[in-house]
Amino acid sequence: MRVRPSLAFAAVLTALIVPALALDDTERKLETYRQMLKADPWSNPGLLEADRGEALWREKRGPKNASLEGCDLGKGAGKVEGAFAELPRFFADAGRVMDLESRLVWCMERLQGFARADILKRPYSKANQEGTELEALATYVASKSSGMTFAPSLAHPKERAALKVGETLFFRRQGPMDFACATCHGDTGKRIRLQALPYLSKPAEARAVVGEWPAYRVSQGTVMTMQHRIADCYWQMRLPLVDYGSDVTIALTMYLVNQARGGAISAPAIKR
Amino acid sequence: MKHPGLFAVAVAVLTVALLLSLPGGEDGASADAAIKASWTSAAPEWQARLVQDETQKACSQYRNAPPRDVAQAIVVRERASIVYPADGKLMGDWKKGRQLAQSGYGGRFTDYPPRQANGGNCYACHQLDAGELSYGTLGPSLLRYGRNRKFAEAEIKAVYERIYNPHAAIPCASMPRLGASKFLTPEQIRDLVAFVMSPESPVNE
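Residues numbered from 1 in each chain as written. Chains lettered and ligands numbered in written order. Predicted model: local features only at pLDDT ≥ 70, side-chain atom pairs only at ≥ 80, totals over all residues.

Participant: Help me understand the interface of chain A and chain B, please; the structure alone is not making it clear to me.
Facilitator: How big an interface is tends to be expressed through the accessible area that disappears when the partners come together. Across the contact, 35 residues belong to chain A and 38 residues belong to chain B. Put simply, the parts of the chain that give the side of chain A that touches chain B at least two residues each are helix 1 (5-22), helix 7 (157-170), helix 8 (181-185), strand 3 (190-192), helix 10 (226-236) and helix 11 (247-259) of chain A. Sorting elements by how many residues they give to the side of chain A that touches chain B places helix 7 of chain A first, with 5 residues. Residue classes in the side of chain A that touches chain B are distributed as 19 nonpolar, 6 polar and 10 charged. (Contact = placed C-beta atoms within 7 Å. Helix = DSSP H or I, 4+ residues; strand = E, 2+ residues; numbered from the N terminus. Nonpolar A, V, L, I, M, F, W, Y, C, P; charged D, E, K, R; others polar.)

Here you go:
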């Protein structure tokens, strides 16, 4: 039996159109942003947050009326350029491995005299809210490593220990759903509903996505940081809200950044 | 032996090194310590969710590829958890099952106090009804699952058990133990069974 060419054509057309129909509203908006950024990279709304962060960084604030320009992000006091590419790292003054966000909290406490509880009153913005101070600051610092590649240090034993813990946590199954990070991010080409999932233990895939955070999320209209990204994954895993800048989130960041070693930083990127 | 002291030190160093390299040894312990320190504001009943049971421990330690004896122990333990509906009927209402398959509600800290019944969230990972295009691929496609198995009685029981506790058939399966964890009730699970196994269900069109 011969298939009529017009029918075959209709079948091919349907096969092409159906996945396109499956694109939801967010996906369509995302495409608009991608086109916009191609035409003009400065139209990225995440850069507004980076600018706000830079102003916050330079402003004298807090009980000690100090700016963050004295903050040591690992490359010496006030050196922002390239600092994010080498985080998380061990900080002798704190005696622990810190990622960008926990280091920002440290500097706001120590240099500006803010109380930790006040800094962490609103760590993450909700959809369509104004970004938080921590989000703006993190976006600013990360953007100053944009175009560079991840090169986290493993010279200190505590850095190596954090990496080990991060790897263990990535594969640790727990909670009412028995989920580990690896349940969703442990294979290539998988999706949850229509959302593509990166295989984060595979360096080629980690390099493509880890450097995108902090990222501007089209569906939320705000910037999301790596702390927030991880906290949100644990929420989906039906676990309680993980502490901001905790050992767990820092160790997982250490694991992700080491998987992405050599990958380009493009923060703030545009995400779903 | 010239240097018995040196030998003893070498043995001690090797033993410690070996212990540290064992899965679930030092790494597991420091991961547990990190977890203890990282959810300080969570209520005790929520912190309990972070404590692993035996199966979670084994599947984490062996990264879901347990050796034969461990796998066998998981199968035996998890099979014992399965509870069947009181009336023995394993096929419910496929229409209710279809709704449950769509719903991802339940269990997240923003879901309390509960506003609706927990869902199975099947489409997050599986293709089922050909009409639903927004499906995930973490699990196998279940399109025409029942039809492909000739709607066999034994398959109905197997599907019920697979949803209730997948580790009873596949130790260290990725899928949640939706019945054993009491996330879904036996009645909800049999509605899902009907969605997958009923000849009338759109899954089998």
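Participant: Would you mind going over the confidence of the model for chain B with me for this structure?
Facilitator: Detailed reading of predicted coordinates is not advised where the pLDDT is low. All names here are of chain B. Here chain B averages 91 in pLDDT, while 87% of its residues score no lower than 70. Across residues 16-24 the pLDDT falls below 50, and counting only partners more than four positions away or on other chains, this stretch makes 7 contacts in the model. Interface scoring of the predicted complex returns ipTM 0.88; its pTM is 0.89. (pLDDT = per-residue confidence, 0-100.)

Participant: In this structure, what is going on with helix 11 of chain A? I would like to understand it.
Facilitator: Note on helix geometry: an α-helix contains 3.6 residues per turn, so any two residues three or four positions apart are oriented the same way. Spanning 13 residues, helix 11 of chain A covers 18 Å between terminal C-alpha atoms, matching the ideal 18 Å at 1.5 Å per step. Counting buried residues in helix 11 of chain A gives 13 out of 13 residues, a clear majority hidden from the surface. (Expected span 1.5 Å × (residues − 1). Buried ≥ 20, exposed ≤ 12 C-beta atoms within 10 Å, placed from the backbone.)

Participant: When you look at unusual backbone geometry in this model, what are you seeing that I'm missing?
Facilitator: Most of the time, phi is negative for any residue but glycine, and the peptide bond is trans. A cis amide bond links Trp213(A) to the next residue, Pro214(A), at an omega of -5 degrees. By the element assignment, Pro214(A) lies in the loop between helix 9 (203-209) and strand 5 (215-217). With an omega of -5 degrees, the peptide bond running from Ala267(A) to Pro268(A) counts as cis. Here Pro268(A) shows up in the loop between helix 11 and strand 7 (269-271). Positive phi, normally seen in glycine, also occurs at Lys150(B), with a value near 55 degrees. Within the secondary structure, Lys150(B) sits in the loop between helix 7 (145-148) and helix 8 (153-164). One non-glycine residue, Lys182(B), lies in positive phi territory at about 65 degrees. Inspection of the secondary structure assignment puts Lys182(B) in the loop between helix 8 and helix 9 (186-197). Note on Lys182(B): 12 C-beta atoms within 10 Å, which makes it exposed.

Participant: Any chance you could explain the sheet that holds strand 6 (residues 222-224) of chain A here in plain terms?
Facilitator: Paired through backbone hydrogen bonds, the strands of a sheet run either parallel or antiparallel to each other. Residue and element names in this part refer to chain A. Strand order in the open sheet formed by 3 strands is 6-5-7, and the pairing between neighbours is mixed. At either margin of the open sheet sits one strand with a lone partner, and together these are strand 6 and strand 7. Neighbour-to-neighbour, the strand axes of this sheet turn through a mean angle of 40 degrees, independent of strand direction. As paired elements, strand 5 and strand 6 share 3 bridges and run antiparallel to each other. In the strand pairing of strand 6, Ala215 is matched with Met224. (Pairing = 2+ DSSP bridges. Axes fitted to C-alpha atoms, helices over the stretch in contact; angles between N-to-C directions.)

Participant: How should I be thinking about the nonpolar core in this particular structure?
Facilitator: Side chains of a nonpolar character, in soluble globular proteins, are inclined to be buried together. All names here are of chain A. Val141 and Ala251 are the most contacted members of the largest nonpolar core, which has 72 residues in total. Counting residues per element, this core draws most heavily on helix 11, at 8 residues. Contact partners of Val141, with chain neighbours within four places excluded, come to Leu73, Val80, Ala83, Phe84 and Leu100. (Core = buried A, V, L, I, M, F, W, Y, C linked by C-beta atoms within 7 Å.)

Participant: Explain the packing of helix 4 (residues 100-110) of chain A against helix 6 (residues 133-143) of chain A to me, please; I cannot follow it from the model alone.
Facilitator: Residues and elements named next belong to chain A. Where helix 4 contacts helix 6, the axes come no closer than 10 Å and their chain directions differ by 115 degrees. Remark: the crossing between helix 4 and helix 6 carries right-handed chirality. Residues Leu100, Glu101 and Leu104 of helix 4 lie in contact with helix 6, whose contacting residues are Leu134, Leu137, Ala138, Val141 and Ala142. Residues that form the contact of helix 4 with helix 6 fall into these classes: 7 nonpolar, no polar and 1 charged. (Left-handed = near helix turned anticlockwise from the far one by under 90°.)

Participant: When you look at the environment of Ile250(A) in this model, what are you seeing that I'm missing?
Facilitator: Residues and elements named next belong to chain A. Structurally, Ile250 is set in helix 11. Residue classification places Ile250 among the buried residues on the basis of 28 C-beta atoms within 10 Å. When the C-alpha atoms of Ile250 and Ala208 are compared, they prove to be 20 Å apart, with 42 residues separating the residues in sequence. Once you skip the residues sitting within four places of it in the chain, Ile250 turns out to touch Pro88, Val97, Met98, Asp99, Ser102, Ala162 and Gly245.

Participant: What is the right way to read helix 10 of chain A from this model?
Facilitator: Listing the buried residues of helix 10 of chain A in full gives Met226(A), Gln227(A), His228(A), Arg229(A), Ile230(A), Ala231(A) and Tyr234(A). Buried residues belonging to helix 10 of chain A abut helix 4, strand 6 and helix 11 of chain A.

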